[in-house]
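# Structure at a glance
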Amino acid sequence: MRGEDRRTGTLFSYVDLESRVRADHPLRAIREVVNAALGAMSSDFEALYSRLGRPGIAPERLLRALLLQCFYSVRSERQLMERLEFDLLFRWFVGLGVDDPVWDASVFSKNRDRLLAGEVAQRFLAELLALPEVRRLLSSEHFSVDGTLLQAWASLKSFRRKDGEDEPPGPGRNGERDFRGEKRSNATHASTTDPDARLYRKGSGQPAELCYIGHALMENRNGLIVGGVATRATGDAEPLAAIELVKAVAGSRRVTLGADKAYDTANFVLECREENVTPHVAQNITTTRGSRIDARTTRHPGYAVSLRIRKRIEEGFGWTKEIAGLAQVKLRGLARVDCAFVLGL
């Protein structure tokens, strides 16, 4: 029998969100570990908020909502608020009831910026990795590091001279600007839209873009990201960030660190060994220079294993860019980009 296409409505509706989410839904397991990590951060949240005034958005709900934005590729916070309005799964994960009002997008953004002052994203990642059910999956001896470009939310037309002597773009909303024959560099120019963005070229023959660099540290047992940070795009950003990331996991016990040819520099190899880290770096041998990695490292079977496994870190970068939507960040300023990148990992 054919059913009727009729809209029915009732004055009262009793909906139990817990029963609407199936028992084997992946978000159930994620919500348990997220709530455990957030519970350990309660004292950190208390330090960020005053005891006076009207209550803002609970930071726990704020972070759960930001995680959903990454999981479901929601490209803006305004769309995230719209999704929370009608999606029962989103409401269940964040902690909103069926009748609870959804926050205004501008209020949500301002409350998110408050968390940037406390480096909440880094703290959340650390608490997540410290949970027993997560820690047992991690290697404590073998790691890999790499960096990836994050295109800034700024146009090349905004890259103007710092002294203001260049010609402005043409009239109109998107006026034309001719850069031919003009020498531009980060020393003399800066973006008026995002001053923290830097003009950077990935390699020879590649176009220069306004961007940041996202760095990630991966453990080699299961390929899980255990550290991350976003920095300005400079020539020495990758090795400097790699040293800071590996310091957080290196201790009295020697660890290994896999990396690509870009890290085969004398300073990086020396600093790794000073931090009790064995650099399993791919050798960068050319006609004009030799590698800083010699047979003391390459003769061990673990060196070849590290070079093979280190490529798995690209899977994390691919997820961050395609699913979390960070191929081009939709935030301006290094602090916001760093927070979004770490949550996306």
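See the structure printed just above.
These remarks concern the structure in this document.

Rules and cut-offs
- Residues numbered from 1 in each chain as written.
- Predicted model: local features only at pLDDT ≥ 70, side-chain atom pairs only at ≥ 80, totals over all residues.
- Heavy atoms only, no water.
- Core = buried A, V, L, I, M, F, W, Y, C linked by side-chain atoms within 4.5 Å.
- Buried < 20%, exposed > 50% of the residue type's maximum accessible area, 1.4 Å probe, protein only.
- Contact = heavy atoms within 4.5 Å.
- Salt bridge = Lys/Arg side-chain N within 4 Å of Asp/Glu carboxyl O.
- Helix = DSSP H or I, 4+ residues; strand = E, 2+ residues; numbered from the N terminus.
- Expected span 1.5 Å × (residues − 1).
- Polar contact = N/O pair within 3.5 Å; in protein donor to acceptor, adjacent residues only side chain to side chain.
- Phe/Tyr/Trp six-rings, centres within 6.5 Å; stacked < 30°, edge-to-face > 60°.
- Axes fitted to C-alpha atoms, helices over the stretch in contact; angles between N-to-C directions.
- Left-handed = near helix turned anticlockwise from the far one by under 90°.
- Nonpolar A, V, L, I, M, F, W, Y, C, P; charged D, E, K, R; others polar.

Right, let's talk about the nonpolar core for a bit. Formed by 66 residues in total, the largest nonpolar core has its most connected members in Phe108 and Leu257. Discounting chain neighbours no more than four positions away, the residues touching phenylalanine 108 are Ile57, Leu62, Ala65, Leu66, Glu77, Leu80, Met81 and Trp103. With 23 residues, the next largest nonpolar core counts Ala152, Tyr212, Ala324 and Val329 among its residues.

Oppositely charged side chains can pair when the atoms bearing their charge come close. Summed over all chains, the structure comprises 15 salt bridges. Bridged by salt links that share partners, the residues Glu77, Arg112, Asp113 and Arg336 form one connected network.

Now for helix α7 (residues 105-116). Compared with the 16 Å implied by 1.5 Å per residue over twelve residues, the 17 Å span of α7 between its first and last C-alpha is a close match. Elements in contact with the buried residues of α7: α3 (42-48), α4 (59-71), α5 (77-86), α8 (120-130) and α15 (334-344). Of the residues that open α7, the one with a side-chain oxygen 2.9 Å from the backbone nitrogen of serine 106 is aspartate 104.

As for its placement among the helices and strands, glutamate 77 is situated in helix α5. At a separation of 2.5 Å, a polar atom in the side chain of glutamate 77 contacts the side chain of serine 109. Reaching out from glutamate 77, the side chain makes a polar contact with the side chain of arginine 112 at a distance of 2.4 Å. The contact partners of glutamate 77, leaving out residues within four places of it in the chain, are Leu66, Gln69, Ala105, Phe108, Ser109 and Arg112.

In this section: the packing of aromatic side chains. Considering all chains together, one arrives at four aromatic pairs under this definition. Centroid distance tyrosine 72 to phenylalanine 90: 5.1 Å. Interplanar angle 55°. Geometry classified as tilted. Taken together, the positions of tyrosine 72 in the loop between α4 and α5 and phenylalanine 90 in helix α6 (residues 88-94) put the pair 18 residues apart, joining distant regions of the chain. You can call tyrosine 72 partly exposed: its relative accessible area is 30%. Overall, the relative accessible area of 0% leaves phenylalanine 90 in the buried class. Centroid distance tryptophan 92 to phenylalanine 93: 6.5 Å. Interplanar angle 55°. Geometry classified as tilted. Phenylalanine 93 shares its class with tryptophan 92; the two are buried.

Moving on, we get to the packing of helix α2 (residues 26-39) against α8. Look at α2 against α8: their axes get within 9 Å of each other, and the N-to-C directions meet at 115°. Where α2 crosses over α8, the two elements pack in a sense that is right-handed. Of the residues in α8, those touching α2 at Val33, Val34, Ala37 and Leu38 are Phe124, Glu127 and Leu128. Here the residues of the contact of α2 with α8 are counted per class, giving six nonpolar, no polar and one charged.

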